[in-house]
Amino acid sequence: MLIYTSLYPNADGRQNDFDLVGEDLALITTNHARYTNACFARLEQHGFFLGNAGFICVSMFLSADTLFTDDDAHLLTPLKEACKKHLHAPVYYIYTVDGHIRMLLCFPRLRESSENAAEPSRSPRSEDDAASYKDMPSSREITSDTLSSFRKITDELADIYLGLHFIVGDLLFGEHSIFISFNSLRHSEEFYYFKETSPTVIENRLDDILQKGFIKNLDTYRTLSSAVAKKIADTECNIRELGHALKKEILQNCTTSMESLHVHIRVFILTLTEELTTSGIVNSAFIESRDINRRIMRFETESDLTDLLCTLLDELHRQYMTLNAIGKRGRILTVREYIHDNIADPNLTLAQVAAKFSVKPSLLTHQFREYLGVTLYHYIQTERLNLAQELLSHHPEQTMEEIAKKAGYSDLTTMYRAFKKFDGVTPGYYKNTIHSDE
């Protein structure tokens, strides 16, 4: 439903056209970008201008349970008046899609900003064009002006629409950009329905969503996971306090998109469970049996997320306490420490370690797989490989035979086979690759 257009502010007698335009705008907003060309053509046939210009897409919403119908259009009169007063877009439309309010701002003539490489070139063709071109607003000016306008609208309407939010997308060019922009705004709507916030104007930039939604540097969550794992292993850990702090940290790291939040939570849980199993705090079989990676995603509200985090942290803490009490965890850590101290011994094998601790090899293998997620044989091979790689990286002056001996391989051929099997390359290739980067 089209509620308002700046082209026809007093739309008396044009209600049928308004209905048609609202349907096409809804298609542009909700369907795939390939439909936009046909919608644009129909809109122009009815005298509504869009053109292949610059667009800013905006979502407005009051609360998670407020949806608008055809009978509610009169409720938006204050919004229309505030937009007429403060918005400086040459053409803009206010309409609803599936009960949600959308705005589409159109800027047919803009000056290229040197900082914005994504903008198409609009170089002037003549002196007259050059003078006109200089007077055009730049994309940077348009974005700044638009955000300022919506802040003024928010201030004016805050007492009328309690909990009012505007999410303002990037200024993008071309017909297909409308779909891309609205798609990103829908993720932001989900995020704000999930997380209660005060009335505000949000600038939702696509590059921010890409950078913060898909995590490039895992060290942030590895560090966080290490700290959380230590608290889980603390007998006096306050689980509720830890859960609240953890939720706050994750929300601060992600951007205004539910998709971004999901990515951050998944990455945190994966790094946490890896830290718990490799450190021997909690056994991997327990984590798999509790279905932690799936359960953590079953939230719809901020309160749900807090409760899930606290529940999972409590389960992990209780499992640690149980393992510690019965001594099984202590055995695995003792065996692991023994392997680390004797990795350079070529006689270090599954059978030798089992005999050392008076345990059947099959039982020791089972316990290692249960607690650390790998067999004892694989653990020994990985430790040897890590030591060999460290020697190759920091001692290029040593021969391959010397490194094989110090890493616990019986001979160079055995080290060569281990590299190919567990790392996919030869020791020589690994050494050359490491030092060619220096």
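Scroll up for the structure.
These numbers were taken from a predicted model, which means no experiment stands behind them.

A. Representation of the overall build of the protein chain in the model. The helix and strand inventory of the protein chain stands at 20 helices and six strands. Within the span of the protein chain, comprising 438 residues, buried residues form 47% of the whole. Put simply, of all contacts in the protein chain between residues at least 6 apart along the chain, 71% involve residues at least 24 apart. In the structure as shown, the protein chain presents an accessible area of about 22,300 Å², 49% of it carried by carbon and sulfur atoms.

B. Inspection of helix H19 (residues 412-422) at higher detail. Residues of H19 that are buried include every one of Met415, Ala418 and Phe419, and no others. Considered in projection along H19, the buried side chains sweep an arc of 100° and stay on one side of the axis. Away from the buried face of H19 by more than 90 degrees, exposed residues Arg417 and Lys421 are located. One or two residues past the end of H19 sits glycine 424, with phi positive at roughly 80°.

C. Expanded view of the pattern of salt bridges. The final tally for this structure, using the stated rule, is 14 salt bridges. For aspartate 219, the salt bridge goes to arginine 222, with nearest N and O atoms at 3.6 Å. Of this pair, aspartate 219 and arginine 222 both sit in helix H8 (residues 219-232), separated by three residues, roughly a single helical turn. For aspartate 219, a relative accessible area of 44% gives the class partly exposed.

D. How the structure looks around the sheet that holds strand S2 (residues 54-61). Pairing in this open sheet of six strands is mixed, and the strands run S1-S3-S4-S2-S5-S6 from one edge to the other. Sheet topology places strand S1 (2-5) and strand S6 (200-204) at the edges, where each strand pairs with a single neighbour. Averaged over all pairs of adjacent strands, the angle between strand axes in this sheet comes to 20°, irrespective of strand direction. Relative to strand S3 (residues 91-97), S1 is paired through three bridges, and the arrangement is antiparallel. By the bridge assignment for S3, threonine 5 is matched with tyrosine 93.

E. How the structure looks around the pairing of S3. Among the seven residues in S3, seven count as buried, and that is most of the element. Burial along S3 is two-sided: the residues Val91, Tyr93, Tyr95 and Val97 and Tyr92, Ile94 and Thr96 are all buried. Two strands pair when backbone bridges link them, and S3 and strand S4 (residues 100-107) are joined in this way by seven bridges, in the antiparallel orientation. In the sheet register, tyrosine 93 faces S4, and the bridge partner there is leucine 104.

F. Broad picture of unusual backbone geometry. Of note in the backbone geometry, aspartate 98 takes a positive phi value of approximately 55° without being a glycine. The class of aspartate 98 is exposed, set by a relative accessible area of 66%. At serine 358, a position not held by glycine, the phi torsion is positive, near 55°. As for its position among the elements, serine 358 is in the loop between helix H15 (350-356) and helix H16 (361-372).

G. Spatial organisation of a negative patch on the surface. Together, Asp19, Glu23, Asp70 and Asp71 line one region of the surface with negative charge. Here aspartate 71 shows up in the loop between S2 and helix H3 (77-86).

H. Expanded view of the packing of helix H6 (residues 176-194) against helix H10 (residues 258-278). Put simply, H6 and H10 touch, their axes get as near as 6 Å, and they point 70° apart. As summarised for this structure, H6 and H10 are arranged roughly perpendicular, according to the angle between their axes. Where H6 abuts H10, its residues His187, Glu190, Phe191 and Phe194 lie against Met258, Glu259 and Leu261. Along the lines of polarity and charge, the residues of the contact of H6 with H10 split into four nonpolar, one polar and two charged.

What counts as what
- Residues numbered from 1 in each chain as written.
- Predicted model: local features only at pLDDT ≥ 70, side-chain atom pairs only at ≥ 80, totals over all residues.
- Heavy atoms only, no water.
- Helix = DSSP H or I, 4+ residues; strand = E, 2+ residues; numbered from the N terminus.
- Buried < 20%, exposed > 50% of the residue type's maximum accessible area, 1.4 Å probe, protein only.
- Contact = heavy atoms within 4.5 Å.
- Areas by Shrake-Rupley, 256 points an atom, 1.4 Å probe, with all protein chains shown as cover.
- Arc of directions from axis to C-beta.
- Salt bridge = Lys/Arg side-chain N within 4 Å of Asp/Glu carboxyl O.
- Pairing = 2+ DSSP bridges.
- Axes fitted to C-alpha atoms, helices over the stretch in contact; angles between N-to-C directions.
- Patch = residues over 30% accessible without salt bridge, like charges linked within 9 Å, V, L, I, M, F, W, Y side chains within 5 Å.
- Lys, Arg positive; Asp, Glu negative; His and termini not counted.
- Charge placed at Lys NZ, Arg CZ, Asp CG, Glu CD.
- Parallel < 35°, antiparallel > 145°, perpendicular 65-115°, else oblique.
- Nonpolar A, V, L, I, M, F, W, Y, C, P; charged D, E, K, R; others polar.

Remember that the coordinates give geometry; whether it matters functionally is a separate question.
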